[in-house]
Amino acid sequence: MIAPHSAFIDIRGSRRHVLTWGDPAAAPVLMVHGLLDHAHNWDWIASALADRHHVVAIDLRGHGDSDWTGRGSYALSNHVIDLADCVHTLGLDRLHLVGHSMGGHIALRFAATFPEQVRSLCSIEGVELPIMRDQAKAPKPYPVRLRQWIDGQRRDRQRTPRIYANVAEAAARMAQHNPGVDAETIAHLAQHGVTRTADGGWRWKYDDACRNRAPEDAHGVDLNEILAAIACPTLLAYGGDSWIPEPAADRLARIADHRLVRFPGASHWLHHQSRAAFLAALTDFFETVR
């Protein structure tokens, strides 16, 4: 893999960490990781794209080496404004946008809000949030969801991060939750995903408060409006064996120009499990929208 350049962007006194590859004058690709993940998730894909593109991967607020921003500040809209600020600061224009899982949800919203800035969009299992499906199956009034969110915020204040004796122990935990991902990939992600504690242990870098999703993020009505506002060609990637189901056809039909690619045998981290096939699909997609 090609080693990226590491930099920090100041956003109103709070730092966001970014990794960059390739010639800054080349066509830009912005990559957005998922929940509880980090920018190094893209190291393999970014390295392969670096000979043709200027690739930027961001650590979302509360993740990786970006600053934590405090409880109650991790709604999708908070991440979208960070993306907008980073795009502006870095001078990225007419970019290819790629997001995985929660990063896909963020990418959808950015593309809908700033259509003139996005050349193409790729969302990996990032159209419907699990909480949207839960809300559809068993609808709860907003005041109930808001109270549950507040109760969750209060419980989270009592949480303490899990401490691991070493990086290998953290990697084993990650492997347990991601069967089918090879050991080398797990080791790399764990190495960049943990930080040393004052007493010599290791903990994950992410802020635990990121887990408690804002009640507004469960609305499918807004999602329909978001999908309808996406003007660029859109690639939707899904793993054939993933726990994330594909959205219904009538939902996807709201995206004017989209194609869906399935990766048999892959699960939610399909860009690791079917890396070569995903990279081929992504590069072919980029070629069609030059």
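Note that the structure is predicted; figures quoted are calculated from it, not measured. (Residues numbered from 1 in each chain as written. Predicted model: local features only at pLDDT ≥ 70, side-chain atom pairs only at ≥ 80, totals over all residues. Heavy atoms only, no water.)

Mind laying out the overall build of the protein, listing which residues take part and the relevant values?
The number of helices and strands found in the protein is 11 helices and 10 strands. For the protein, the C-alpha radius of gyration of 18 Å lies close to 19 Å, the compact-globule estimate for 290 residues. Counting over 290 residues, the protein shows a buried share of 53%. Working note: accessible area of the protein is about 12,800 Å², and carbon and sulfur atoms make up 52% of it. The averaged location of the 33 negative side-chain charges in the protein is 6 Å from the averaged location of its 31 positive side-chain charges. (Helix = DSSP H or I, 4+ residues; strand = E, 2+ residues; numbered from the N terminus. Rg over C-alpha atoms; globule rule 2.2 N^0.38 Å. Buried < 20%, exposed > 50% of the residue type's maximum accessible area, 1.4 Å probe, protein only. Areas by Shrake-Rupley, 256 points an atom, 1.4 Å probe, with all protein chains shown as cover. Lys, Arg positive; Asp, Glu negative; His and termini not counted. Charge placed at Lys NZ, Arg CZ, Asp CG, Glu CD.)

Tell me about the pattern of salt bridges, and please be specific about residues and values.
Using the criterion set out here, one finds 9 salt bridges in the structure. For R12, the salt bridge goes to D85, with nearest N and O atoms at 2.6 Å. With R12 in the loop between strand 1 (5–11) and strand 2 (14–21) and D85 in helix 2 (residues 76–90), this residue pair connects regions lying 73 residues apart in the sequence. Residue classification places R12 among the exposed residues on the basis of a relative accessible area of 58%. Relative accessible area serves as the criterion here: at 23%, D85 is assigned to the partly exposed category. Close ionic contact of R262 with E246 constitutes a salt bridge, the shortest N to O distance being 2.7 Å. Remark: E246 occurs in the loop between strand 9 (234–239) and helix 9 (249–252) and R262 occurs in strand 10 (residues 258–263); sequence separation between them is 16 residues. Of the residues examined, R262 reaches a relative accessible area of 52% and is grouped as exposed. The class of E246 is partly exposed, set by a relative accessible area of 34%. (Salt bridge = Lys/Arg side-chain N within 4 Å of Asp/Glu carboxyl O.)

Quick rundown of the nonpolar core? Include the residues and the values.
Formed by 39 residues in total, the largest nonpolar core has its most connected members in L83, L97, I106, L108, L121, V127 and I230. In terms of residue count, helix 3 (residues 102–113) provides more of this core than any other element does, 7 residues in total. With near-sequence residues (within four places) excluded, I106 lies in contact with V32, L60, L76, H79, V80 and L83. (Core = buried A, V, L, I, M, F, W, Y, C linked by side-chain atoms within 4.5 Å. Contact = heavy atoms within 4.5 Å.)

Break down the packing of helix 6 (residues 167–177) against helix 7 (residues 183–193) for me, citing the residues and quoting the values.
The interhelical angle for the contact between helix 6 and helix 7, taken along N-to-C directions, is 120 degrees, at an axis separation of 9 Å. What the angle tells us is that helix 6 and helix 7 run oblique. Judged by the twist between their axes, the crossing of helix 6 over helix 7 is right-handed. Touching V167, A171, M174 and A175 of helix 6 are I186, L189, A190 and Q191, all from helix 7. (Axes fitted to C-alpha atoms, helices over the stretch in contact; angles between N-to-C directions. Parallel < 35°, antiparallel > 145°, perpendicular 65-115°, else oblique. Left-handed = near helix turned anticlockwise from the far one by under 90°.)

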